[in-house]
Amino acid sequence: MAHYLKNITTVSRRLRKLRFFTKAPIFFTNPTRINPQNCSAASCWNNCGFLDRGGFGYSTSSVEANGLAAMRLEDGGETHQEFLRWRNGGGIFHHLASIDPSSCIEVGALVHSMAVLGADVHIGSGSIIGPGVAKGQSTKVGYNVALNNCTLGDFCIIHNGVCIGQDGFGFFIDEDGKMLKKPQNMYAKIGNHVEIGANTCIDRGSWRDTVIGDHTKIDNLVQIAHNVVIGKNCLLCGQVGIAGSATVGDYATLGGRVAVRDHASVVSWVRLAANSCVTKDIVEPGDYGGFPAVPIREWRRQVAKHRISSKEVKIRPDCKL
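Residues numbered from 1 in each chain as written. Predicted model: local features only at pLDDT ≥ 70, side-chain atom pairs only at ≥ 80, totals over all residues. Heavy atoms only, no water.

S.K.: Now, about the overall build of the chain: what can you tell me, with residues and values included?
M.R.: The helix and strand inventory of the chain stands at 3 helices and 36 strands. Of all 321 residues assigned to the chain, the portion counted as buried reaches 42%. Of all intrachain contacts in the chain linking residues separated by at least 6 positions in sequence, the fraction that spans at least 24 positions is 18%. When the accessible surface of the chain is split by element, carbon and sulfur atoms take 54% of a total near 17100 Å². (Helix = DSSP H or I, 4+ residues; strand = E, 2+ residues; numbered from the N terminus. Buried < 20%, exposed > 50% of the residue type's maximum accessible area, 1.4 Å probe, protein only. Contact = heavy atoms within 4.5 Å. Areas by Shrake-Rupley, 256 points an atom, 1.4 Å probe, with all protein chains shown as cover.)

S.K.: Explain the packing of aromatic side chains residue by residue, including any values.
M.R.: Following the criterion strictly, the structure yields 3 aromatic pairs and no others. Centroid distance Y251 to W269: 4.3 Å. Interplanar angle 5 degrees. Geometry classified as stacked. Here Y251 is found in the loop between β29 (247-248) and β30 (253-254), whereas its partner W269 is found in the loop between β32 (265-266) and β33 (270-272), with 18 residues between them in sequence. A residue is classified by how much of its surface remains accessible, and Y251, at 37% relative accessible area, is partly exposed. (Phe/Tyr/Trp six-rings, centres within 6.5 Å; stacked < 30°, edge-to-face > 60°.)

S.K.: How would you sum up the pairing of strand β17 (residues 163-166)? Please name residues and give values.
M.R.: By the bridge criterion, 2 bridges tie strand β14 (residues 146-147) to β17 in an arrangement that is parallel. By the bridge assignment for β17, L147 is matched with I164. (Pairing = 2+ DSSP bridges.)

S.K.: Let's hear about the confidence of the model for the chain: which residues, and what values?
M.R.: Interpretation of this model should avoid reading the predicted coordinates in detail wherever pLDDT is low. When pLDDT is averaged along the chain, the result is 81; 72% of the residues meet or exceed 70. Long-range and interchain partners of residues 15-69, a stretch whose pLDDT sits below 50, account for 114 contacts in this model, where long-range means more than four residues apart. (pLDDT = per-residue confidence, 0-100.)

S.K.: So what's going on with the sheet that holds strand β26 (residues 229-230)? Which residues, and what values?
M.R.: Strand order in the open sheet made by the 9 strands is β6-β9-β12-β15-β20-β23-β26-β29-β32, with parallel pairing throughout. Strands at the two margins of the open sheet, each flanked by one partner only, are β6 (98-99) and β32. Here β6 runs beside strand β9 (residues 116-117); their pairing, made up of 2 bridges, is parallel. Considered in β9, the bridge of I99 is made with L117.

S.K.: Kindly report on the nonpolar core, identifying the contributing residues and their values.
M.R.: Residues L236, I242 and L254 are the most contacted members of the largest nonpolar core, which totals 53 residues. Residue assignment for this core shows that the elements contributing at least two residues are β15 (150-152), β20 (188-190) and β33. Apart from residues lying up to four places away in sequence, I242 is in contact with Q223, I224, A225, V228, I230, L236, V248, L254 and V260. (Core = buried A, V, L, I, M, F, W, Y, C linked by side-chain atoms within 4.5 Å.)

Now the structure itself:
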């Protein structure tokens with residue numbers, strides 16, 4: 001009996017220490033499993049719902065790993081054994097997620113199973129990291145971001161409201177005239193040092209991965225459809241829309257509200273003026289503008305000619321319309 005009380009005292013001290021670190025109540029998920037006849041400090045610790053120290057990844061239902069205390073979650077009497085609370089920030093993560101101890105998951109954020117978070121990753125409140133999502137080191141995710149079916153490189157910045165990895169907009173009409181959805185089974189791959197502005201959407205691929213190259217910077221409210229491939233060091237300004245299966249080379253600059261049609265290709269070192277529309281492949285580097293996009297000098301001549309012709313056309317006072 002003395003041995004049993006000693007072990008219970010040891011467990012109580014550990015629980016008080018864990019309560020101090022988590023600042024949250026401790027739930028005994030299965031206290032009936034404790035047997036006074038066959039009780040040790042380790043077994044009492046496990047039976048109370050807490051397991052031994054783990055490593056980098058988590059494969060237990062409740063763990064105190066690398067000094068970061070985690071606890072089971074209870075909601076209305078129902079125990080969610082697969083989800084735990086992350087000490088550094090207070091967010092929720094699945095026990096099958098692999099999370100570096102230096103990562104921060106803020107309150108209200110959720111990390112699903114098989115997700116991988118590297119060192120110094122920061123997840124803002126309200127963000128959801130879907131199953132299997134991989135994030136490189138020092139990547140920062142803002143508030144209310146949804147990541148699914150995607151991978152992110154190192155040192156990326158994802159601003160508030162971004163959605164990456166959702167299904168693309170692809171449909172076809174069957175023999176009966178019904179609109180059916182095309183399968184969207186590929187991924188979205190974001191390179192290193194990429195910055196994505198608020199409320200931008202990047203769809204997953206259908207027949208090839210959607211790819212954003214290293215060091216590319218994307219402004220707010222940009223739509224990148226499925227199967228799009230964007231090269232390195234590109235600059236996409238606000239409200240740019242790139243249709244499905246388009247390809248943009250390296251060091252391309254797209255001004256505000258530029259549109260690129262589906263399956264079009266733009267070579268490297270191209271600059272597109274604001275409100276331009278790419279309707280066919282651009283095969284030579286340079287500056288382009290207009291609808292459809294043409295070399296910038298030709299577009300300026302078109303604009304000048306239109307202004308001159310509009311001034312020459314005058315309506316006589318005695319002319320009846």
